[in-house]
Amino acid sequence: MLREVLEAFRPINDGLFVDATVGGGGHAQAILEQNAEAFLLGLDRDPHAAAVAAQRLQSFGTRARVLHARFDDIGKIVDADGRDLSGAIFDLGVSSHQLDTPQRGFSYRFDGSLDMRMDPNEPLDAATIVNTCNEDELTSLLRANADERFARRIAKSIVAQRPVESTQELAELVREAVPAPARRSGRHPAMRTFQAIRIAVNDELRLIEPALNQTIERLRPGGRIVVLSYHSGEDRIVKQVFRDAADGICVCPSTLPCVCNSEPNVRLLRRKVVRPTVEEIEANPRAASARFRAAERLPVGEA
Ligand SMILES: C[S@@+](CC[C@H](N)C(=O)[O-])C[C@H]1O[C@@H](n2cnc3c(N)ncnc32)[C@H](O)[C@@H]1O
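Everything numeric in this text was worked out from a predicted model, so none of it was measured. (Residues numbered from 1 in each chain as written. Predicted model: local features only at pLDDT ≥ 70, side-chain atom pairs only at ≥ 80, totals over all residues.)

Some points on the site of the ligand
Here comes step 1: Contacts to the ligand come from 18 residues, most closely from Thr21, Gly23, Gly24, Gly26 and Asp91.
Here comes step 2: Elements supplying a minimum of two residues to the shell around the ligand: helix 2 (26-34) and strand 2 (37-44).
Here comes step 3: The residue makeup of the shell around the ligand, split by class, is five nonpolar, eight polar and five charged. (Near = placed C-beta within 6 Å. Helix = DSSP H or I, 4+ residues; strand = E, 2+ residues; numbered from the N terminus. Nonpolar A, V, L, I, M, F, W, Y, C, P; charged D, E, K, R; others polar.)

As structure tokens, this is what we get:
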């Protein structure tokens, strides 16, 4: 949904833009090309992605900088930069590069070790979750992170067949655990299990709300925030944060006194979530589940 992203940022030419999930640097490059006087700070918790993006953005010289960082540190990072925050984009979840690298263990399509860490320096990997959580913990994780209908059956089967050592072992075990009709229809039966475990390994959902609130707080009036999410668990959080900011719910950190006066902080650029077109899905099937939301920071006291 590059067109929607660029459209949202088109009216703003200068200041600091943060690509909070810089990945391969595609969005970052397009923003730098469109917004000619902008500086772009790219963040990624995956050190490999950060290095790839830094390389890709090298030709922009001092207009681009990439940091290996998690986006829930965005407040500190923007404060340290010192420039006005004009725009920020969050393209949530996992990248195609991560999914397509078998040894990272993100995909049921390849054989690899059960890893799934976006940042390989972090201690918790998928093997630990799969081989140590009890049946109830696995069941709730599958339900909460992927709305998995057959969570209990899958969890039972994982516990019964441990230790599970590879992505293919896990994928096959899940395929056998679901009822036969579910095996034959739609996507691979292990897709949701892999998504749920990946979200748990990287603690993905918990980091979204603080990062979006820190960003909204720091946007200059007229500055814009864009979020692309890929499943209902992510989108529920984004929708709620945007709604609270548009309705005037206090967004100040709970440890500090309120400075926002609970007035509306943003206006929504689109009332409803935007989904990709049929052409976009044909060109990039992975974009099928994308949901676009965007908001603009209001001037203080002019809500
Ligand atoms: C969908 S990809 C982004 C692709 C990017 N927009 C591009 O144009 O190539 C998501 C990226 O966000 C990173 N990521 C996910 N959660 C993150 C977090 N909490 N902090 C920083 N980066 C994160 C992942 O490592 C991955 O590289």
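Details of helix 13 (residues 232-247)
Here comes step 1: The terminal C-alpha atoms of helix 13 lie 22 Å apart, and with 16 residues this matches the ideal 22 Å at 1.5 Å per residue to within 8%.
Here comes step 2: The elements touched by buried residues of helix 13 are helix 12 (204-218), strand 5 (219-229), strand 6 (266-268) and strand 7 (291-297). (Expected span 1.5 Å × (residues − 1). Contact = placed C-beta atoms within 7 Å.)

Focus on the domain arrangement of the chain
Here comes step 1: Domain parsing of the chain yields domain 1 (2-97 + 205-297) and domain 2 (123-201).
Here comes step 2: Here the C-alpha centroids of domain 1 and domain 2 sit 31 Å apart.
Here comes step 3: The partner domain 2 presents five residues to the five residues of domain 1 that form the contact.
Here comes step 4: Grouping the constituent residues of the side of domain 1 that touches domain 2 by class yields two nonpolar, three polar and no charged. (Domains from an automatic or database assignment.)

Things to note about the packing of helix 7 (residues 135-146) against helix 8 (residues 151-160)
Here comes step 1: As a packed pair, helix 7 and helix 8 sit with axes 8 Å apart at the nearest point and diverge in direction by 140°. It follows that helix 7 is oblique to helix 8 by the angle criterion. Classified by chirality, the crossing of helix 8 by helix 7 is right-handed. Each of Glu135, Leu138, Thr139, Leu142 and Arg143 in helix 7 lies in contact with helix 8, whose residues at this interface are Ala151, Arg152, Ile154, Ala155, Lys156, Ile158 and Val159. (Axes fitted to C-alpha atoms, helices over the stretch in contact; angles between N-to-C directions. Parallel < 35°, antiparallel > 145°, perpendicular 65-115°, else oblique. Left-handed = near helix turned anticlockwise from the far one by under 90°.)

Quick word on the environment of Ile216
Here comes step 1: Relative to the assigned elements, Ile216 resides in helix 12.
Here comes step 2: Residues Ile216 and Leu298, spaced 82 residues apart in sequence, show a C-alpha to C-alpha distance of 9.8 Å.

Here we look at helix 7
Here comes step 1: For helix 7, with 12 residues, the first-to-last C-alpha span of 16 Å sits near the 16 Å given by 1.5 Å per residue.
Here comes step 2: Burial in helix 7 covers these residues: Leu138, Thr139, Leu141, Leu142, Asn145 and Ala146. The buried residues of helix 7 occupy one face: seen down the axis, they fall within an arc of 165°.
Here comes step 3: Contact partners of the buried residues in helix 7: helix 8, helix 11 (191-201) and helix 13. (Buried ≥ 20, exposed ≤ 12 C-beta atoms within 10 Å, placed from the backbone. Arc of directions from axis to C-beta.)

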